[in-house]
Amino acid sequence: MRRGLISWSKDELPETLLDGRVAALQAAMAGAGLDAIVAYTTPARAAAVSWLAGFVPYWNQGLMVVPRQGRPILVSALSNRVNGWMRRNAHVADVMNSPRIGSEAGKFLMSHAGKGNVGVVDLPHLPAVVIEDIAAEGHTIADASALFRAVRVVADPADIALHERAAEIARSALAACDPRERDASRLVSRIDGEARRLGAEEVYPAVAVDLAKSFGMIRLEKAVELGDFSAIRISVAYKGAWVRLTKTMVRKDGVRSQIDSAEKAFADLAAKLPDTSALATNATWLVEGTRTALPLEPLAGSMIDDGEPILPGSIVSVSATLDVGGAPIMVGAPFLVGSPTRLLGSSQA
Amino acid sequence: MTTLSADRRARLGEAMRNEGIDALVICGTSWQEAYLRYVADFGILEGNGLAILTADGRCRMWLESVADWERAQTEAKGTEVHFARDMAKAVTGEIQAIANQKVAVTPRHLMPAWLAKAEPERRLRLDDAGPLIERLFMIKMPGELDAIRRAAALADDGYAYFMEVARPGRTQFEVVADVEAFLRAKGSADNFQIIGSGRADVRGMTPPSERKLAVGDMVTTELTPAIDGYFAQICRTMVLGRADQTQKKAFAIWLESMEAGIAAVRAGVTAADIARAENDVFRKYGLGDYVTSKYTRVRGHGLGLMPDMRPAILEDVDVVLETGMTIIVHPNTYHPEAGYMVLGDVVVVGDTGCEVLTRTPRRLFEV
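Note that the structure is predicted; figures quoted are calculated from it, not measured.

Novice: Can you explain the overall build of chain B? Please cite residues and give values.
Specialist: Assigned secondary structure in chain B consists of 10 helices and 18 strands. Its C-alpha radius of gyration of 22 Å places chain B within 12% of the 21 Å reference for a compact globule of 367 residues. Considering only C-alpha atoms, chain B reaches an extent of 70 × 40 × 35 Å along its principal axes. Out of the 367 residues belonging to chain B, those deemed buried represent 57%.

Shown next as structure tokens:
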């Protein structure tokens, strides 16, 4: 459940920009013989709709319906009482509230242009009942995930700016914590509160409590004491843009230089993206990014056999565990892939 | 596994045996997190997850987020955890292997399209296990009630802190950020919170915005921390400054309504009975329009592994309350002169009445 700042900013995501994204999608759907695109949204799968309309739900599920011509609408299972809030925070022609989002979307399309060929972004992962309800209105269904990916993958300046801001928030939050802190809950509390005060829409902290014993990350549901050597991973969303950062923390000053070295080495490895071969020299590495609805989709890494190419112009969050003098150092940061590949949010690092 | 998660697993296994179910397929995502939490003791945050619990007690779970998979390896004790970038590819074979058994799925409304596709293709029949697990969700075991009691105590503390930090000039999201940090420091990993501030122009609560609190504002919040995955909620209204007569008069109706609702709670009555007790008070004061869906969603609801669960407290819901259920009674709605006002307490249903868990005074606070 989101309880951070959910607010569509017309300064950061101007209406003309969102109109342009919708127009690009409409052009692509015309080429693919689709009459409409439907994108699903929940707090966990909000990336497609937030990119198109600036909207993120705090709860429940919804569908954005983009006809081949004309402005899109939003159908949400949130109650009608928050319709005004949704209208303020979504750039769409209309917002409808209904528990049967698939039926409403199907009916809208029927009234707009009759029976049609409807492309669904992220189709395999949508609840089957939503798809069945759209189809029950007479439409045929196709998977539009690849089409959407192609339109969305290269970040535009607004997308880069939002990710940059998310990364700045994450870095500021990490900087607010005392590396000598023993109480893991207090550490997470500082990070979480700081990120939300800076406008984060969501914050997911996780801690590897004692790297001498385990690399396992936990969410912290009880009092835990941090070891001398620990790591924190913070996943931050800012207006639909997600980044993930990981930082190893150590109490002893002498060892801190090893962490600095590891972070520098990691930045050098990640700077070689889109080529992942340098990163792949580490036993554990991962590249995540937004392609359709999942904000941080695993794209390539040590545990992915069939990874996909990392494209220039895309934004990714990269993480790895580096071995520095026998000590495992967990690191992670977001990057804009290009020539050169650039670390995001580093101005406040 | 913790004692509580082992108890849940055992209870679910018994329910499966009683229904003759050989395997249960459980779908999960963050906004419907109770399902995976119940079976695998895992609070999913990112992407989709799916677990298969078989009659022999074996539980396997697949997660499409690496971050969640990493957490689950430590957090989901007693469950075999797998990363699955392509869930259909990873799990379809496992489903096929149990296709000749009696298999049920829950929640049916979250069943992903790839799994629905497997039903005819793999000659698989997936029964709906919704009624089975929802009954377990509703009627709590002692260990579950203990977690909810602790969450309710934290909700009380959280509201006291909310009153400290909700000050004129601060934005709604800054205030909620402070509360979040407070709850985190006390070991709560999750919280559901919405807020409203202003006067008669405010018709409901929403996620926190950039709106600044101002002197004279009525500030409403629904604060819902979780302990060990179990949520407890408190709803209170405060005024920044002195409450005026309109606000005080309105609050008296809300108080009477909530107390009438709570007085009606006991095993054997229906959710509708509670809602009617609350709404009759509004109707008595000529405010009957304001208990309709135009102004309010529900008059309370169940809670537990999610902040909002069955039964909804509404006049058309005939769910019979049973001992061990936990609900919040909250006559939250709009008042035409005062604005949106909230008041709610969590209770445990007993044989002859209920135990109120939240202890914050039932006052229109002035700060």
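After that view, the rundown keeps rolling.
Novice: Run through the overall build of chain A, naming residues and quoting values.
Specialist: Scanning chain A from N- to C-terminus turns up 9 helices and 14 strands. Whereas a compact globule of 349 residues would reach a radius of gyration of roughly 20 Å, chain A reaches 21 Å, a difference of no more than 12%. Taking the principal axes of the C-alpha coordinates as reference, chain A spans close to 70 × 40 × 35 Å. Per-residue burial for chain A yields a buried fraction of 58% across its 349 residues. Residue pairs at least 24 apart in sequence account for 62% of intrachain contacts in chain A once pairs closer than 6 positions are excluded.

Novice: Outline the environment of Ala 90 of chain A, listing residues and values.
Specialist: Residues and elements named next belong to chain A. Mapped onto the elements, Ala 90 comes out in the loop between helix H3 (83-88) and strand S4 (94-97). Residue Ala 90 is classed as buried on the basis of its C-beta count, with 27 C-beta atoms lying within 10 Å. Sequence-wise, Ala 90 and Ser 50 are 40 residues apart; in three dimensions their C-alpha atoms are separated by 8.4 Å.

Novice: An account of the domain arrangement of chain B is requested, with residue identities and associated values reported.
Specialist: All names here are of chain B. Domains assigned within chain B are domain 1 (3-137) and domain 2 (142-366). With centres defined by C-alpha atoms, the gap from domain 1 to domain 2 works out at 32 Å. On the domain 2 side, the residues contacting the 10 residues of domain 1 number 12 residues. Listing elements by their share of the side of domain 1 that touches domain 2, those giving two or more residues are helix H1 (3-19), helix H2 (34-40) and helix H6 (130-138).

Novice: Describe the confidence of the model for chain B, and please don't skip the residues or the numbers.
Specialist: Here chain B shows a mean pLDDT of 96. Residues at 70 or above account for 100%. In the model output, the complex is listed with pTM 0.96 alongside ipTM 0.96.

Novice: Go over the domain arrangement of chain A with me, naming the residues and quoting the values.
Specialist: Residue and element names in this part refer to chain A. Its domain assignment divides chain A into domain 1 (15-152) and domain 2 (157-176 + 235-348). Contacts between domain 1 and domain 2 engage 16 residues on the former and 8 residues on the latter. Counting residues per element, the ones that place at least two in the side of domain 1 that touches domain 2 are strand S1 (36-41), helix H2 (47-53) and helix H6 (145-152). Residues belonging to the side of domain 1 that touches domain 2 are distributed by class as follows: 10 nonpolar, 2 polar and 4 charged.

Novice: Describe the packing of helix H8 (residues 184-197) of chain A against helix H8 (residues 172-185) of chain B, with residues and values.
Specialist: How two helices sit against one another is set out by the angle between their axes and by the gap between those axes. With their axes 8 Å apart at the nearest point, H8 of chain A and H8 of chain B run at an angle of 170° to one another. The orientation of H8 of chain A relative to H8 of chain B falls into the category roughly antiparallel. The segment H8 of chain A lies against H8 of chain B, with Ser 185, Arg 186, Val 188, Ser 189, Asp 192, Gly 193, Arg 196 and Arg 197 of chain A engaging Phe 173, Glu 174, Ala 177, Asp 178, Glu 180, Ala 181, Arg 184 and Ala 185 of chain B.

Novice: Describe helix H10 (residues 271-284) of chain B, listing the residues and the values that go with them.
Specialist: All names here are of chain B. Taking 1.5 Å per residue as the helical rise, H10 with its 14 residues ought to reach 20 Å, and the 20 Å between its terminal C-alpha atoms agrees with that figure. For H10, the set of buried residues is Ala 271, Asp 273, Ile 274, Ala 275, Arg 276, Ala 277, Glu 278, Asn 279, Val 281 and Phe 282. Here the buried face of H10 lies against helix H9 (245-264), strand S11 (300-302), strand S12 (309-312) and strand S13 (326-329). Following H10 by one or two positions, Gly 286 has its phi on the positive side, about 75°.

Novice: Give me the lowdown on the sheet that holds strand S17 (residues 354-356) of chain B, citing residues and values where you can.
Specialist: Residues and elements named next belong to chain B. A sheet is described by the order of its strands in space; here 5 strands give the open sequence S12-S11-S13-S16-S17, paired in antiparallel fashion. What marks the edges here is a single partner per strand, and that holds for S12 and S17. Sheet twist, expressed as the mean angle between neighbouring strand axes with direction ignored, is 30°. With 2 bridges connecting them, S11 and S12 associate as antiparallel partners.

Novice: Give me the sheet that holds strand S3 (residues 73-76) of chain A: which residues, what numbers.
Specialist: Residues and elements named next belong to chain A. Across the sheet, which stays open at both edges, the 6 strands sit in the order S4-S3-S2-S1-S5-S6 with mixed pairing between neighbours. On the outer flanks of this sheet lie S4 and strand S6 (140-143), each paired with one strand and no other. On average, each strand axis in the sheet is inclined to that of its neighbour by 25°, with strand direction left out of account. By the bridge criterion, 4 bridges tie strand S5 (residues 117-120) to S6 in an arrangement that is parallel. Counted as the bridge partner of Val 118 is Ile 141 from S6. The sheet contacts of helix H1 (residues 15-31) involve S1, strand S2 (62-67) and S5, and relative to S2 the element is tilted by about 65°.

Novice: Give me the lowdown on the nonpolar core, citing residues and values where you can.
Specialist: Of all hydrophobic cores here, the largest spans 255 residues; its most connected members are Ala 39, Val 65, Ala 166, Ala 170 and Val 236 of chain A together with Met 61 and Ala 151 of chain B. Beyond its immediate sequence surroundings of up to four residues, Ala 151 of chain B is in contact with Pro 225, Ala 226, Ile 227, Tyr 230, Phe 231 and Ala 232 of chain B.

Novice: Describe in detail the interface of chain A and chain B, supporting the description with residues and values.
Specialist: One widely used convention gives an interface's size as the accessible area the parts lose upon coming together. Across the boundary between the two partners, chain A contributes 51 residues, which contact 48 residues of chain B. Contributing elements (two or more residues each) for the side of chain A that touches chain B: helix H5 (128-135), H8 and strand S7 (202-208) of chain A. Residues that form the side of chain A that touches chain B fall into these classes: 29 nonpolar, 12 polar and 10 charged.

Novice: Describe the packing of H9 of chain B against H10 of chain B, and please don't skip the residues or the numbers.
Specialist: All names here are of chain B. At a minimum axis separation of 8 Å, H9 and H10 run at an interaxial angle of 155°. When the axes of H9 and H10 are compared, the pair comes out roughly antiparallel. Along this stretch, H9 crosses H10, giving a crossing that reads as right-handed. Residues Ile 253, Glu 256, Ser 257, Met 258, Ala 260, Gly 261 and Ala 264 of H9 form the contact with H10, whose own contacting residues are Asp 273, Ile 274, Ala 277, Glu 278, Val 281 and Phe 282. A per-class count over the contact of H9 with H10 returns 8 nonpolar, 2 polar and 3 charged.

Novice: Kindly report on H9 of chain B, identifying the contributing residues and their values.
Specialist: All names here are of chain B. When the terminal C-alpha atoms of H9 are compared, their 29 Å separation across 20 residues agrees well with the 28 Å that a helix rising 1.5 Å per residue should span. Taken residue by residue, H9 has Gln 247, Ala 250, Phe 251, Ile 253, Trp 254, Ser 257, Met 258, Gly 261, Ile 262 and Ala 264 as its buried positions. Taken down its axis, H9 places every buried residue within 165° of arc, on the same side. Across H9 from its buried face, at more than 90 degrees, point the exposed residues Gln 245 and Ala 252.

Rules used throughout
Counting starts from 1 at the beginning of each chain's written sequence and moves along it residue by residue. Note on labels: chains are lettered from A, ligands numbered from 1, in written order. Local features in a predicted model are, by the rule used here, given only for residues with pLDDT of at least 70; side-chain atom pairs are given and counted only at 80 or more, and totals for whole chains, interfaces and linings are based on all residues. Helix and strand assignments follow DSSP, with helices taken as H or I runs no shorter than four residues and strands as E runs no shorter than two, numbered in order from the N terminus. Radius of gyration means the value over C-alpha atoms here, while the globule rule gives 2.2 Å times the residue count to the 0.38 power. Exposure in this text rests on C-beta crowding, where 20 or more other C-beta atoms within 10 Å of a residue's own make it buried, 12 or fewer make it exposed, and counts in between make it partly exposed. The C-beta atoms are placed from the backbone. Contact between residues is assigned whenever the C-beta positions, reconstructed from backbone atoms, fall within 7 Å. Residue ranges for the domains originate in an automatic or database domain assignment. For every residue, the predictor reports its confidence as pLDDT, a number between 0 and 100. Think of it as three bins: nonpolar holds Ala, Val, Leu, Ile, Met, Phe, Trp, Tyr, Cys and Pro, charged holds Asp, Glu, Lys and Arg, and polar takes everything else, Gly as well. Geometry is summarised by axes, namely lines fitted to C-alpha atoms with helices restricted to the contacting stretch, and by angles between N-to-C directions that run from 0 to 180 degrees. Should an angle lie under 35 degrees it is considered roughly parallel, over 145 roughly antiparallel, and from 65 to 115 roughly perpendicular; all remaining angles are considered oblique. A helix is expected to reach a length of 1.5 Å times the quantity of its residues less one. Any two strands between which DSSP finds at least two bridges are classified as paired. To define a nonpolar core, we join buried Ala, Val, Leu, Ile, Met, Phe, Trp, Tyr and Cys residues through C-beta atoms within 7 Å and take the resulting set. Left-handed describes a crossing whose near helix is turned anticlockwise from the far helix by less than a right angle; the clockwise case is right-handed. Note that the arc is defined by the directions from the helix axis to the C-beta atoms.

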